[in-house]
Amino acid sequence: GICMKKICLLLIIFITTLYSACNTEAADKKEITKQVSAIGNAVDKRDWEALRKIFKNPFNLDYSSFGGGKAGLKKIDDVIKAWKFLEGFDSTFHDIPDYKVTIIGNTAHVFSKVKATHKIKGHKPWIVYGSYNHKLVKENGKWKVSGMKFNFKKQEGNKYLPKVAQKKLKKN
């Protein structure tokens, strides 16, 4: 009678809460993946303003495995200024096929592999392989990147292409 109704009611509440939590986590994972993939897309389109919406300011950046200087807290304006060297390439493409997302409360960790292709007409492309570790935090209902670490694996093709890109930039 009454006991069975209470058990059924508690079971319904539990299942509804569990379902809601699963939906929230799935929505969070989708938003987190969207934020992380937006970094490569913004860089490839040279949409520097889009990066301001993705990153906390300042945020932790680490490209030390690839000669990117000392890891640490960076202001978004300084990072954009540094990344503008990419404007010397005719095109770049950051191919990041999948993301492994782990969420703990309002913090998320994302691991992804990357193949970054850099091209200048008349030259062999320069391709960089590695992986990224991103950290995101949820503030006011929005996920923002608070940390980004690049783990260099290898490079192939024209390793002098960055110098060509810099020269091309200086001409313009």
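Residues numbered from 1 in each chain as written. Predicted model: local features only at pLDDT ≥ 70, side-chain atom pairs only at ≥ 80, totals over all residues. Heavy atoms only, no water.

Quick word on the nonpolar core
Residues Leu51, Phe55, Trp83, Leu136 and Met148 are the most contacted members of the largest nonpolar core, which totals 36 residues. Top element by residues in this core is helix H1 (residues 2-45). It accounts for five residues. Leaving out residues up to four positions away in the same chain, leucine 136 has contacts with Ile32, Gln35, Val36, Asn106, Thr107, Ala108, Val110, Trp143, Lys144, Val145 and Ser146. (Core = buried A, V, L, I, M, F, W, Y, C linked by side-chain atoms within 4.5 Å. Buried < 20%, exposed > 50% of the residue type's maximum accessible area, 1.4 Å probe, protein only. Helix = DSSP H or I, 4+ residues; strand = E, 2+ residues; numbered from the N terminus. Contact = heavy atoms within 4.5 Å.)

What to know about the packing of aromatic side chains
Across all of its chains, the model carries 11 aromatic pairs by this definition. On the numbers, 5.8 Å between centres and 75° between planes, the contact of phenylalanine 66 with phenylalanine 150 is edge-to-face. With phenylalanine 66 in the loop between strand S1 (55-62) and strand S2 (72-74) and phenylalanine 150 in strand S7 (residues 142-157), the pair connects residues that are 84 residues apart, well separated along the chain. On the basis of relative accessible area, phenylalanine 66 is assigned to the partly exposed category, the value being 29%. An aromatic cluster of three or more residues is present, and its members are Phe55, Phe59, Tyr63, Phe66, Trp83, Phe85, Phe89, Trp126, Tyr132, Phe150 and Phe152. The ring centre of tyrosine 129 lies 4.9 Å from the NZ or CZ of lysine 154, which sits over that ring. (Phe/Tyr/Trp six-rings, centres within 6.5 Å; stacked < 30°, edge-to-face > 60°. Lys NZ or Arg CZ within 6 Å of the ring centre and 35° of its normal.)

A few points about the environment of alanine 42
Residue position: alanine 42 is located in helix H1. The exposure class of alanine 42 is buried, given its relative accessible area of 4%. Taking C-alpha positions, alanine 42 is 9.7 Å from isoleucine 54, a pair spaced 12 residues apart along the chain. If we skip the residues at most four places from it in the chain, alanine 42 touches Asp47, Ala50 and Leu51.

Considering unusual backbone geometry
Following asparagine 57, the chain continues to proline 58 via a peptide bond in cis, the omega torsion being 0°. Here arginine 46, not a glycine, exhibits a phi torsion of approximately 60°, which is positive. Along the chain, arginine 46 falls in the loop between H1 and helix H2 (48-54). Arginine 46 gets classed as buried once you look at its relative accessible area, which sits at 19%. One non-glycine residue with positive phi stands out, namely asparagine 140, at about 50°. By the element assignment, asparagine 140 lies in the loop between strand S6 (126-139) and S7.

Observations regarding the pairing of strand S5 (residues 107-119)
As paired elements, strand S3 (residues 91-95) and S5 share five bridges and run antiparallel to each other. Within the sheet, the bridge partner assigned to threonine 92 lies in S5 and is histidine 118. One ladder, built from six bridges, connects strand S4 (residues 99-104) with S5; its direction is antiparallel. Along S5, the bridge assignment pairs valine 101 with valine 110. Hairpin connection between S4 and S5: a loop of two residues separates the two successive antiparallel strands, and glycine 105 in this loop has a positive phi of roughly 65°. In the sheet, S5 pairs with S6 via 12 bridges, with the strands oriented antiparallel. (Pairing = 2+ DSSP bridges.)

Everything listed here is a matter of coordinates, which is why it stays silent on function.
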